[in-house]
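Coordinate analysis (summary)
So the chains spell out like this:
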Amino acid sequence: MAETLLENILSFIYTIGHWIGAKIVELIQYISGILIPPSVVDAIGMLVILTIFLAIAEVAKKAIWVVVVIGWVFIIIRILMLMIG
């Protein structure tokens, strides 16, 4: 079951990557008039997906740092309140 789930997820990611790559290649061909080989479609699509994942990871990383900083501020405030009485 785990192998089937992993296979389905990877197939889904590949399908989306291929579709995105095809659309980008179509756009480039429309704008520039250059004929791009079909072998580049999958590479472009996978690079777009990796770029999206990296962007999401960066946003999540910044959000996590905000949460950690807020947590430390609350802990320090709590300690100061206990010290003051």
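Here the structure is shown first, and the text comes after it.
The numbering scheme is per chain: residues are counted from 1 as the chain's sequence reads. pLDDT decides what is reported in this predicted model: residues at 70 or higher carry local features, side-chain atom pairs at 80 or more are listed and counted, and totals for whole chains, interfaces and linings draw on all residues regardless. The side-chain numbers reported here are obtained from all heavy atoms of the structure, hydrogens and water having been left aside.

Put simply, DSSP marks the helices as runs of H or I at least four residues long and the strands as runs of E at least two long, and each gets a number from the N terminus on. Tallying secondary structure elements over the protein chain gives 2 helices and 0 strands in all. Relative to its length of 85 residues, the protein chain is extended, with a C-alpha radius of gyration of 23 Å against a globular reference of 12 Å. Dimensions of the protein chain, computed from the C-alpha atoms along their principal axes, are close to 75 × 40 × 10 Å. Relative accessibility under 20% of the residue-type maximum defines a buried residue, over 50% an exposed one, and the middle range a partly exposed one, all with a 1.4 Å probe and only protein chains included. Buried positions account for 11% of the 85 residues belonging to the protein chain. Counting only carbon and sulfur atoms, one obtains 80% of the accessible surface of the protein chain, whose full area is about 7,300 Å². Only four residue types enter the charge count: Lys and Arg as positive, Asp and Glu as negative, with His and the chain ends excluded. In this description, the location of a charge corresponds to atom NZ of lysine, CZ of arginine, CG of aspartate or CD of glutamate. Across the protein chain, the 4 positively charged side chains and the 5 negatively charged ones have centroids separated by 23 Å. The globule rule used for comparison is 2.2 Å times the number of residues to the exponent 0.38, while the radius of gyration itself is calculated over C-alpha atoms. Residue burial considers only the protein chains on display, and all accessible areas are found by Shrake-Rupley using a 1.4 Å probe.

Whenever a carboxyl oxygen of Asp or Glu lies within 4 Å of a side-chain nitrogen of Lys or Arg, that contact is scored as a salt bridge. If you walk through the whole model with that rule in mind, you get 1 salt bridge. Here E26 makes a salt bridge to K23, at a shortest N to O gap of 4.0 Å. Placement of both E26 and K23 in helix 1 (residues 2-32) is noted, with a separation of 3 residues, approximately one turn of the helix. Overall, E26 belongs to the partly exposed group, its relative accessible area being 46%.

For an α-helix the count is 3.6 residues per turn, leaving residues at separations of three or four pointing the same way. Expected span, for any helix, means 1.5 Å times one less than how many residues it has. With 31 residues, helix 1 extends 44 Å between its outermost C-alpha atoms, agreeing within 8% with the 45 Å of an ideal straight helix rising 1.5 Å per residue. Here helix 1 has its buried residues at G17, I20, G21 and V25. Working rule for contacts: check all heavy atoms of both residues, and any pair within 4.5 Å makes them a contact. Looking at the packing, one finds that the buried side of helix 1 touches helix 2 (39-84). One or two residues past the end of helix 1 sits G33, with phi positive at roughly 80°.

With that settled, the discussion passes to the environment of V69. Position of V69 relative to the elements: it lies in helix 2. Take V69: its relative accessible area is 46%, and that puts it in the partly exposed class. V69 sits 38 residues away from I31 along the chain, and the two C-alpha atoms are 46 Å apart.

Here the focus is the packing of helix 1 against helix 2. Between two packed helices, both the angle of their axes relative to each other and the distance between the axes serve to describe the pair. Where helix 1 contacts helix 2, the two axes come as close as 7 Å, and the packing angle between them is 110°. Judged on the interaxial angle alone, helix 2 and helix 1 are roughly perpendicular. For helix 1 against helix 2, the interelement crossing comes out right-handed. Taken together, the residues of helix 2 that come into contact with helix 1 (itself represented by I13, Y14, I16, G17, H18, I20, G21, A22, I24 and V25) are V41, D42, I44, G45, M46, V48 and I49. Charged residues are taken to be Asp, Glu, Lys and Arg, nonpolar residues to be Ala, Val, Leu, Ile, Met, Phe, Trp, Tyr, Cys and Pro, and polar residues to be all remaining types, Gly included. Residues that form the contact of helix 1 with helix 2 fall into these classes: 12 nonpolar, 4 polar and 1 charged. Here the axes come from fitting lines to C-alpha atoms, over the contacting stretch only for helices, and the angles between their N-to-C directions go from 0 to 180 degrees. Here roughly perpendicular refers to angles of 65 to 115 degrees, roughly parallel to angles under 35, roughly antiparallel to angles over 145, and oblique to all remaining angles. Left-handed is the label given to a crossing in which the near helix is rotated counterclockwise from the far helix by less than a right angle, and right-handed is the label when the rotation is clockwise.

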